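Take a look at the letters that make up each chain.
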Amino acid sequence: MGLPAITGTGVFTPSEVITNEELVVAFNAYAEAFNARHASEIAAGEVEAKGMSSPEFIVSASGIERRHVMDKTGVLNPEVMHPLLRQRRDDEPGIMAEMAMDACAQALAQAGREASEVDLIICAASNHERPYPAIAIEIQQLLGAGGFAFDMNVACSSATFGIQAAADMIRGGSAKRALVVSPEICSGHLEWRDRDCHFIFGDVCTAILIEAGEESKGPHFVIRSTRCATQFSNNIRNNNGFLRRTRPDGLVDRRDMQFVQEGRKVFKEVLPMVSAHILAHLEAEGVVPDELRRLWLHQANKAMNDFIGRKVLGRVPEPEEQPNILQDYANTSSAGSIIAFSKYSDDLRPGDQGLICSFGAGYSVGSVLVERG
């Protein structure tokens, strides 16, 4: 069996869009109502007043201008401030599986393959709508794929960890053709009531088809090697989970039940880790940084990507060398680097090399070195 290769990609983009301007109107209305409701406690110093947001603040802090979401009505309602997604019956497709159908269909069409030819599906995402049955098995059933399927969660690194797992299985012969699917409904775990992060996330689903390079029916990217690493940290955390109701205050509206991060600490600690990880990966493969035609980085924050690009290349990357999509999609967790790869890879020529990298909670970092076949 030859080297595994990426032969198809797909991106499902929700139709609903929230601009920074819309988001700020909703957040500021919520903040003003909160401050009015707690005026006496704020005056007494018992409660901290909510600060106002602005489109300029959001762009300056993140580079994000808009985001796609599965539902905007709830998010933009100052009395709700979260998506409103209908309860589905058990005999209906789940929302994550439904998102996956579109992305998988695109990836299969690009590769010229049928779903029946797939014998491995990995649903790699930062959150899953239920513990079991696995979302991946539901996707397998809806697609009509064979083999086996399982879910994977390594937060924002889920997709690259999924690519490594699939590539290793193809090399080892336990799978012939794999779909790595990342349905990310990040709007569901974002705290839209927190000024410091209310703008960060958006929703999307990506899919990548991986098979042996010699079986490819068209242009493809050979996966030369993968590398993953983890290091425990509490600086990005979500304390929600199935044990929540067992605890004394488990059902209270607690801030830590949504996305929480210590942004400055993350910036200080993750960026050196990611930069060193990429450089070590390249060195191990005998690749000089300047030989990389493209870096498809995790789309969390423009300043973070700019920092990593400079560290890896030893200079300021040209825009085409390090494409950003977060201005339009926001942070879509594990899917971000895959969106960038899907949208900005067709122009590479045979022999050109690039690197996909995602990083996040854990801490975790995964990198995939590819070469245009």
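Being a predicted model, the structure only gives us computed values, none of them experimental.

**Student:** In this structure, what is going on with the overall build of the protein? I would like to understand it.
**Tutor:** A tally of helices and strands in the protein yields 10 helices and 13 strands. The globule rule puts the C-alpha radius of gyration for 373 residues at 21 Å, and the 21 Å found for the protein is close to it. For the protein, the spread of C-alpha atoms along the three principal axes comes to 70 × 55 × 35 Å. Every one of the 373 residues in the protein was classed for burial, and the buried ones make up 53%. Expressed as a percentage of contacts within the protein between residues at least 6 apart in sequence, the contacts between residues at least 24 apart total 77%. With an accessible surface of roughly 16,100 Å², the protein has 51% of that area assigned to carbon and sulfur atoms. Here the protein carries 36 positive and 49 negative side-chain charges, and the mean point of each set is 2 Å from the other.

**Student:** Help me understand the sheet that holds strand E1 (residues 4–12) in this model?
**Tutor:** Note: strands within a sheet are paired through backbone hydrogen bonds, in either parallel or antiparallel orientation. Strand order in the open sheet formed by nine strands is E5-E4-E6-E7-E1-E8-E13-E12-E11, and the pairing between neighbours is mixed. Every other strand in the sheet has two partners, leaving strand E5 (148–152) and strand E11 (292–297) as the edge strands with one partner each. The mean angle between the axes of side-by-side strands here comes to 25°, regardless of whether they run parallel or antiparallel. As defined by bridge partners, E1 adjoins strand E7 (residues 203–212) across eight bridges and the pair is classed as antiparallel. What sits directly across from Val11, in E7, is Thr206. Running over the sheet, helix H4 (residues 95–111) touches E1, strand E4 (120–124), strand E6 (177–185) and E7 and is turned about 130° from E1. Sheet strands touched by helix H7 (residues 263–284): strand E8 (221–230), E11, strand E12 (353–360) and strand E13 (364–372). Its angle to E8, the strand with the most contacts, is close to 135°.

**Student:** It is not clear to me how the UniProt feature "domain: Beta-ketoacyl-[acyl-carrier-protein] synthase III C-terminal" (unreviewed entry) in the protein should be interpreted in this structure. Could you clarify?
**Tutor:** Per the UniProt entry, the sites bearing "domain: Beta-ketoacyl-[acyl-carrier-protein] synthase III C-terminal" (unreviewed entry) are residues 282–371 in this numbering. Span residues 282–371 is 30% helix and 24% strand, its end C-alpha atoms 13 Å apart.

**Student:** Sorry if this is basic, but what is going on with the UniProt feature "domain: Beta-ketoacyl-[acyl-carrier-protein] synthase III N-terminal" (unreviewed entry) in the protein here?
**Tutor:** Taking the UniProt record as the reference, the feature "domain: Beta-ketoacyl-[acyl-carrier-protein] synthase III N-terminal" (unreviewed entry) is found at residues 150–217. Helix makes up 22% of residues 150–217 and strand 32%, whereas the separation of the span's terminal C-alpha atoms amounts to 27 Å.

**Student:** When you look at helix H10 (residues 336–343) in this model, what are you seeing that I'm missing?
**Tutor:** Two residues of an α-helix separated by three or four positions point the same way, owing to the 3.6 residues in each turn. With seven of eight residues buried, H10 lies mostly within the body of the structure. The set of residues buried in H10 consists of Gly336, Ser337, Ile338, Ile339, Ala340, Phe341 and Ser342.

**Student:** Is there a simple way to explain the layout of surface pockets in this structure?
**Tutor:** Empty space within the second largest pocket amounts to approximately 360 Å³. Lining the second largest pocket are 16 residues; nearest its centre among them are Lys50, Arg193, Asp194, Arg195 and Arg255. The residue makeup of the lining of the second largest pocket, split by class, is five nonpolar, one polar and 10 charged.

**Student:** Any chance you could explain the side chain of Asn324 here in plain terms?
**Tutor:** For Asn324, the location among the structural elements is in the loop between helix H8 (302–313) and helix H9 (326–329). A polar side-chain atom of Asn324 sits 3.3 Å from a polar atom in the side chain of Asn305. Beyond its immediate chain neighbours, meaning those up to four positions away, Asn324 contacts Gln299, Lys302 and Asn305.

**Student:** Looking at this model, I keep getting lost on H4. Mind explaining?
**Tutor:** Here H4 contains 17 residues, and its C-alpha end-to-end distance of 25 Å stays within 8% of the 24 Å for a straight helix at 1.5 Å per residue. The sharpest bend along H4 reaches about 25° and sits at Met101. Buried within H4 we find Ile95, Met96, Ala97, Met99, Ala100, Ala103, Cys104, Ala107, Leu108 and Ala111. Looking at the buried positions of H4, the neighbouring elements they touch are E1, E4, helix H5 (135–143), E6 and E7. Two residues or fewer past H4, Gly112 is found with a positive phi of approximately 70°.

**Student:** What is the right way to read the packing of aromatic side chains from this model?
**Tutor:** Per the counting criterion, the structure on display carries nine aromatic pairs. Note on Phe201 and Phe259: the rings are 4.9 Å apart at their centroids and 90° apart in plane angle, and the pair reads as edge-to-face. Linking Phe201 in the loop between E6 and E7 with Phe259 in the loop between strand E9 (236–237) and strand E10 (260–261), this pair joins segments that are 58 residues apart in sequence. With respect to class, Phe201 is no different from Phe259; both count as buried. Grouping aromatic residues by their ring pairs yields a cluster made of Phe27, Tyr30 and Phe34. Here Lys50 stacks its cationic end above the ring of Phe34, 4.9 Å away from the centre of that ring.

Analysis parameters
- Residues numbered from 1 in each chain as written.
- Predicted model: local features only at pLDDT ≥ 70, side-chain atom pairs only at ≥ 80, totals over all residues.
- Heavy atoms only, no water.
- Helix = DSSP H or I, 4+ residues; strand = E, 2+ residues; numbered from the N terminus.
- Rg over C-alpha atoms; globule rule 2.2 N^0.38 Å.
- Buried < 20%, exposed > 50% of the residue type's maximum accessible area, 1.4 Å probe, protein only.
- Contact = heavy atoms within 4.5 Å.
- Areas by Shrake-Rupley, 256 points an atom, 1.4 Å probe, with all protein chains shown as cover.
- Lys, Arg positive; Asp, Glu negative; His and termini not counted.
- Charge placed at Lys NZ, Arg CZ, Asp CG, Glu CD.
- Pairing = 2+ DSSP bridges.
- Axes fitted to C-alpha atoms, helices over the stretch in contact; angles between N-to-C directions.
- UniProt positions renumbered as here; feature names shortened; annotations may be inferred.
- 1 Å grid on protein atoms, 1.4 Å probe; cavity = no way out; pocket = protein on both sides within 12 Å on 5 of 7 lines; lining within 4 Å.
- Points joined across faces, edges and corners; volume = space filled by probe spheres on them.
- Nonpolar A, V, L, I, M, F, W, Y, C, P; charged D, E, K, R; others polar.
- Polar contact = N/O pair within 3.5 Å; in protein donor to acceptor, adjacent residues only side chain to side chain.
- Expected span 1.5 Å × (residues − 1).
- Bend = angle between axes of the 7 residues up to and from the residue.
- Phe/Tyr/Trp six-rings, centres within 6.5 Å; stacked < 30°, edge-to-face > 60°.
- Lys NZ or Arg CZ within 6 Å of the ring centre and 35° of its normal.

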